[in-house]
Amino acid sequence: MNNVDRLRKNGTLTRGEFKALLTDKQGEYLFAQAREVTEQNFGNKIYTRGLIEFSNYCKQNCLYCGLRCDNKKLERYRLNKEEILQCCAEGHDVDTFVLQSGEDDFYTTEKMVDIIKAIRQRFPDYTVTLSLGEKDASAYQAYYDAGARRFLLRHETIDSGHYRKLHAGKREIATRIECLRQLKRIGFQTGSGIMVGSPWQTLDNIIDDIYFLGIFKPDMLGIGPYLVSRDTPFANRENGSLELTLRLLAIFRLMHPRVLMPATTALIFIHPQGREMGFLAGANVVMHSLTPSHVREKYRLYDK
Ligand code: SAH
Ligand code: SF4
């Protein structure tokens, strides 16, 4: 049996087999199998998320991200509750609103709860998804109690040394994992994931991420290429690989048949057909930006 069939049947492979699958020249069979599994589980349905990037302030300083607090070139903005509700009103054709921001303490737990409740009240048929970074368990619980049901928090890399390097020694993977555990415990549908091709990432790191996600079993998976942001210490690095990202999407589809997996925004920025390629590799979620056009350019995680 070849590695693709074995992965589909058993849900995992040896380290050597994963390495072969990630570097294999022939991807067509892998992609075809991933597509088949997607269709078996979801038919032709593509889920839509409406992304509301409501603040680009961030107290963190992740080396890879244009929103990092040391980036003084970025003009910062915040949306208030009414503006956020206005964004929601534009999202007729989406299944869920995703509220995403930097780690911005301006939005206290109380303020977030008020925003979540207002959305739930005015748009009761929509799921509220959050992507706000690391908070303490009581804040996560308050968001849940207010009606939010999904939370996206990529672990970025499970290797503690790699994680530390990407955050200049200021952050620990253990904290991230603890947040993910809390989110699951509270009852959130929890999303995690990685950037593909982030600085210093090795194939072995990626295989460790595959094994970690195999154990963690997220409900949603965000897998996108790392993209250079000129206003970061990584300005001279290279973008992650489109091909490797697509292969990983397909591998994750075979390992997690029911997972919700977007063709990420970064995938779309790295290639004009990135979205379609993502679907052909097993993605089943599309992102629509509901961020007001006058601030969209300022939510610059990477160069667009
Ligand atoms: N502050 C929150 C949410 C916003 S950032 C958090 O960090 O979780 C959302 C995601 O954007 C991050 O998880 C990271 O994986 C991704 N991201 C940041 N900078 C990026 C870059 N340069 N290229 C690709 N993805 C990036
Ligand atoms: Fe802030 Fe998230 Fe960017 Fe890190 S990745 S700097 S936490 S917005």
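Scroll up for the structure.
Residues numbered from 1 in each chain as written. Chains lettered and ligands numbered in written order. Predicted model: local features only at pLDDT ≥ 70, side-chain atom pairs only at ≥ 80, totals over all residues. Heavy atoms only, no water.

(A) Inspection of the overall build of the protein at higher detail. Looking only at helices and strands, the protein features 13 helices and seven strands. The C-alpha atoms of the protein give 19 Å as radius of gyration, which agrees with the globular expectation for 304 residues (19 Å, within 12%). Principal-axis analysis of the C-alpha atoms gives the protein an extent of 55 × 40 × 35 Å. With 304 residues in all, the protein has 57% of them scored as buried. In the protein, of all internal contacts separated by at least 6 residues, the share reaching a separation of at least 24 is 74%. On the protein, the mean spot of the 43 positive side-chain charges and the mean spot of the 37 negative ones are 2 Å from each other. (Helix = DSSP H or I, 4+ residues; strand = E, 2+ residues; numbered from the N terminus. Rg over C-alpha atoms; globule rule 2.2 N^0.38 Å. Buried < 20%, exposed > 50% of the residue type's maximum accessible area, 1.4 Å probe, protein only. Contact = heavy atoms within 4.5 Å. Lys, Arg positive; Asp, Glu negative; His and termini not counted. Charge placed at Lys NZ, Arg CZ, Asp CG, Glu CD.)

(B) Highlighting the packing of aromatic side chains. One pass over the full model with this rule turns up 15 aromatic pairs. A ring pair is formed by tyrosine 140 and tyrosine 143, whose centres lie 6.4 Å apart and whose planes are at 70 degrees; its orientation type is edge-to-face. You can see tyrosine 140 and its partner tyrosine 143 sitting in helix α6 (residues 137-146), three residues apart, about one turn around the helix. Each ring, one from phenylalanine 151 and one from phenylalanine 188, has its centre 5.9 Å from the other, and the planes form 75 degrees; the classification is edge-to-face. Separated by 37 residues along the polypeptide, phenylalanine 151 in strand β4 (residues 150-152) and phenylalanine 188 in the loop between α8 (173-186) and β5 (189-196) bring together distant segments of the chain. Among the residues examined, phenylalanine 188 registers a relative accessible area of 4% and is labelled buried. Through pairs of rings, three or more aromatic residues link up here, namely Tyr140, Tyr143, Tyr144, Phe151 and Phe188. Above the ring of tyrosine 47, the side-chain terminus of lysine 45 is found at 5.0 Å from the ring centroid. (Phe/Tyr/Trp six-rings, centres within 6.5 Å; stacked < 30°, edge-to-face > 60°. Lys NZ or Arg CZ within 6 Å of the ring centre and 35° of its normal.)

(C) Seen up close, the sheet that holds strand β6 (residues 220-225). If you trace the seven strands from one edge of the open sheet to the other, you get β6-β5-β4-β3-β2-β1-β7, paired in parallel fashion. At either margin of the open sheet sits one strand with a lone partner, and together these are β6 and β7 (285-289). When the angles between neighbouring strand axes are averaged without regard to direction, this sheet yields 25 degrees. Across the sheet, helix α4 (residues 81-90) is in contact with β1 (47-55) and β2 (96-101); its angle to β1 comes to roughly 160 degrees. (Pairing = 2+ DSSP bridges. Axes fitted to C-alpha atoms, helices over the stretch in contact; angles between N-to-C directions.)

(D) Inspection of the site of ligand 1 at higher detail. By nearness alone, 17 residues border ligand 1, and Tyr64, Ser101, Arg154, Glu156 and Leu227 come closest of all. Within the side chain of arginine 154, an N or O atom sits 2.9 Å from an oxygen atom of ligand 1. A distance of 2.7 Å is found between a nitrogen atom of ligand 1 and a backbone nitrogen or oxygen belonging to leucine 227. When ligand 1 is considered free in solution it has 530 Å² of accessible area, and contact with the protein chains removes 92% of it. Taken together, the residues that form the shell around ligand 1 break down as nine nonpolar, five polar and three charged. (Near = heavy atom within 4 Å. Polar contact = N/O pair within 3.5 Å; in protein donor to acceptor, adjacent residues only side chain to side chain. Areas by Shrake-Rupley, 256 points an atom, 1.4 Å probe, with all protein chains shown as cover. Nonpolar A, V, L, I, M, F, W, Y, C, P; charged D, E, K, R; others polar.)

(E) View of α6. Within the span of α6, buried status applies to Ala139, Tyr140, Ala142, Tyr143, Tyr144 and Ala146. On its buried face, α6 is in contact with α5 (109-122), β3 (127-131), β4 and α8. Glycine 147 sits one or two residues past α6 and shows a positive phi near 120 degrees.

(F) Inspection of helix α1 (residues 3-10) at higher detail. When α1 is considered as a whole, its buried residues turn out to be Asn3, Val4 and Leu7. Projected down its long axis, α1 shows its buried positions confined to an angular sector of 100 degrees, all on one face. Capping the start of α1 is the job of one residue whose side-chain oxygen sits 3.0 Å from the backbone nitrogen of valine 4: asparagine 2. Looking one or two residues past α1, glycine 11 carries a phi angle of roughly 80 degrees, positive in sign. (Arc of directions from axis to C-beta.)

(G) Here's a closer look at the pattern of salt bridges. Counted by the stated rule, this structure contains 20 salt bridges. As a salt-bridge pair, aspartate 105 and lysine 59 come within 3.2 Å of each other at their nearest N and O atoms. Of the two residues, aspartate 105 is situated in the loop between β2 and α5 and lysine 59 in the loop between β1 and α4; the sequence distance between them amounts to 46 residues. The shortest N-O distance in the salt bridge between arginine 171 and glutamate 134 comes to 2.9 Å. (Salt bridge = Lys/Arg side-chain N within 4 Å of Asp/Glu carboxyl O.)

(H) Molecular detail of the pairing of β5. Within β5, seven of the eight residues are buried, leaving the element largely enclosed by the surrounding structure. Two strands pair when backbone bridges link them, and β5 and β6 are joined in this way by six bridges, in the parallel orientation. The partner of isoleucine 194 across the bridge, within β6, is isoleucine 223. Each parallel crossover has a hand, and for β5 linked through helix α9 (residues 203-216) to β6 it is right-handed. (Right-handed = clockwise from strand over helix to strand, strands pointing away.)

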